[in-house]
Amino acid sequence: MKQEVLRNNLKQIRTRLGMSQQDLANLAGVTRQTISGVESGQYAPSTTISLRLAKALGCHIEDLFWLEEDLPEITAIPAKNLPVGQGLRVLLARVGGQWVAHPLIGKDAFRSEMIPSDGEGNRLPHTDTVLVKLLDEPQKLLNTVVLAGCSPALSLWARAAERWHPELRVHLTFANSMAALERLCRGEVHIAGMHLYCSKNQEHNTPFVRRILKNQTAVLINLGIWEEGLLVQPGNPKNLKTVADLAQPGVTIVNRDQGSGSRELLERKLQEEKISFTAVQGFDQVVSGHQDVALAVATGKADAGVSSASLATAFGLDFIPLHQSRYDLVILKQYLEEAPVQRLLGTLGHRQVISQLQALGGYDTSLTGEVVATVEAGSNGKYN
């Protein structure tokens, strides 16, 4: 049987009321040492003393004292970006039959609000596991789907799905297209969102999935076809019209990180124009997300940056279209049998998701929810 520990917040309530330990002791008819012992947890008061304390403070006894069971612990595999250390806030998900601990740090600690933690993880040096002391029962964590990607539309989808299925929890972990695919390959996430284009094959996403996943079978389900291009300041004060204009004197850009679809698009368009990367001021000025690109342009830190039409609309920026990109969700075939994943994917074709994507602007939803490709293990991939 789990050991139960008596907890209290006597000190918090007492100090909030502006009372000293002696003041409370006088009202409750006990000694100051008794108050001190109760607050420190060294003394478990009798029922009589507990009732006296509650009456003196004008509250219910349940407001002062509660029983807390020893928190359960489970062993999990750390996501690659989980740092070494103790007391780390983590989110847990069951992926491929094993628990995976994702750190709630930096951008991954927030949606718009801070994400509640599932437990405190201790990952010690030179180990391949992390011991997580849970803050809730593990059964409640089994309905978690972990999604890696960079599109702001992913959060819209997640919120809509959680409204339909209150027991479902979708954890979004930020990653550019290639990083998301690598996390899927390592077994850290259920779904990877990506928008990469292979000019050699003239294909979206599939060649990269084939190369990274190798001997694993995966399906690609479309989230939407979004318009990518240059975000420029309102009114386009530098009169930018094409990628070639980025090499003009006095024009500064902000760029995305290696492995992102936006950087791949910029590099491809510059190469088509036979413009050296070094000729573009700010090419090495790197930020890690679409919102960061839009914010840099909106605040005047850069004149332009590559992102989507929906981000331009959200930040009130002008937009120069460059490419229609297919944003796909990559899922290992084995995960399609898992109930939480099925529930999440089942919402893709719902009117509310479609209407939310359309309202963003710059999204073609004609393929949303459709399987656009299947990459078989050990094959060159095939289209459905």
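For the structure itself, consult the block above.
Residues numbered from 1 in each chain as written. Predicted model: local features only at pLDDT ≥ 70, side-chain atom pairs only at ≥ 80, totals over all residues. Heavy atoms only, no water.

S.K.: Would you take a moment to explain the packing of aromatic side chains for this structure?
M.R.: How two aromatic rings sit relative to each other is given by the distance of their centres and the angle of their planes. All told, the structure shown has three aromatic pairs when counted by the stated rule. Seen in terms of ring centroids, Trp-226 and Tyr-327 are 5.2 Å apart; in terms of plane orientation they differ by 75°. Their pairing is edge-to-face. Here Trp-226, found in strand S13 (residues 218-232), pairs with Tyr-327, found in strand S17 (residues 318-332); they are 101 residues apart in sequence, far enough to count as distant. Residue Trp-226 shares its accessibility class with Tyr-327, and that shared class is buried. Seen in terms of ring centroids, Trp-226 and Tyr-363 are 5.8 Å apart; in terms of plane orientation they differ by 50°. Their pairing is tilted. Taken together, the residues Trp-226 in strand S13 and Tyr-363 in strand S18 (residues 363-364) connect sequence positions 137 residues apart. Tyr-363 carries the same exposure label as Trp-226, and that label is buried. One aromatic cluster is present, formed by Trp-226, Tyr-327 and Tyr-363 through successive ring pairs. (Phe/Tyr/Trp six-rings, centres within 6.5 Å; stacked < 30°, edge-to-face > 60°. Helix = DSSP H or I, 4+ residues; strand = E, 2+ residues; numbered from the N terminus. Buried < 20%, exposed > 50% of the residue type's maximum accessible area, 1.4 Å probe, protein only.)

S.K.: Explain helix H10 (residues 290-298) here, please?
M.R.: Given 3.6 residues per turn, any residue in an α-helix points the same way as the ones three and four places further on. Along H10, the residues that are buried comprise His-290, Val-293, Ala-294, Ala-296 and Val-297. All buried residues of H10 project into a common sector of 160° when viewed along the axis, lining one side. Where H10 is buried, its residues touch S13, strand S14 (253-256), helix H9 (261-272), strand S15 (286-287), strand S16 (304-308) and helix H11 (309-315). Of the residues one or two after H10, Gly-300 is the one with positive phi, at around 85°. (Arc of directions from axis to C-beta. Contact = heavy atoms within 4.5 Å.)

S.K.: Even after reading the chapter, I still don't get helix H2 (residues 21-28), so can you show me in this structure?
M.R.: Here H2 has its buried residues at Gln-21, Leu-24, Ala-25 and Ala-28. One side of H2 carries all its buried residues, which in axial view fall inside an arc of 105°. The exposed set on the far side of H2, more than 90 degrees from its buried face, consists of Asn-26 and Leu-27. The inward-facing, buried residues of H2 contact helix H1 (10-16), helix H3 (32-40) and helix H4 (47-57). Phi turns positive one or two residues past the end of H2, at Gly-29, with a value near 70°.

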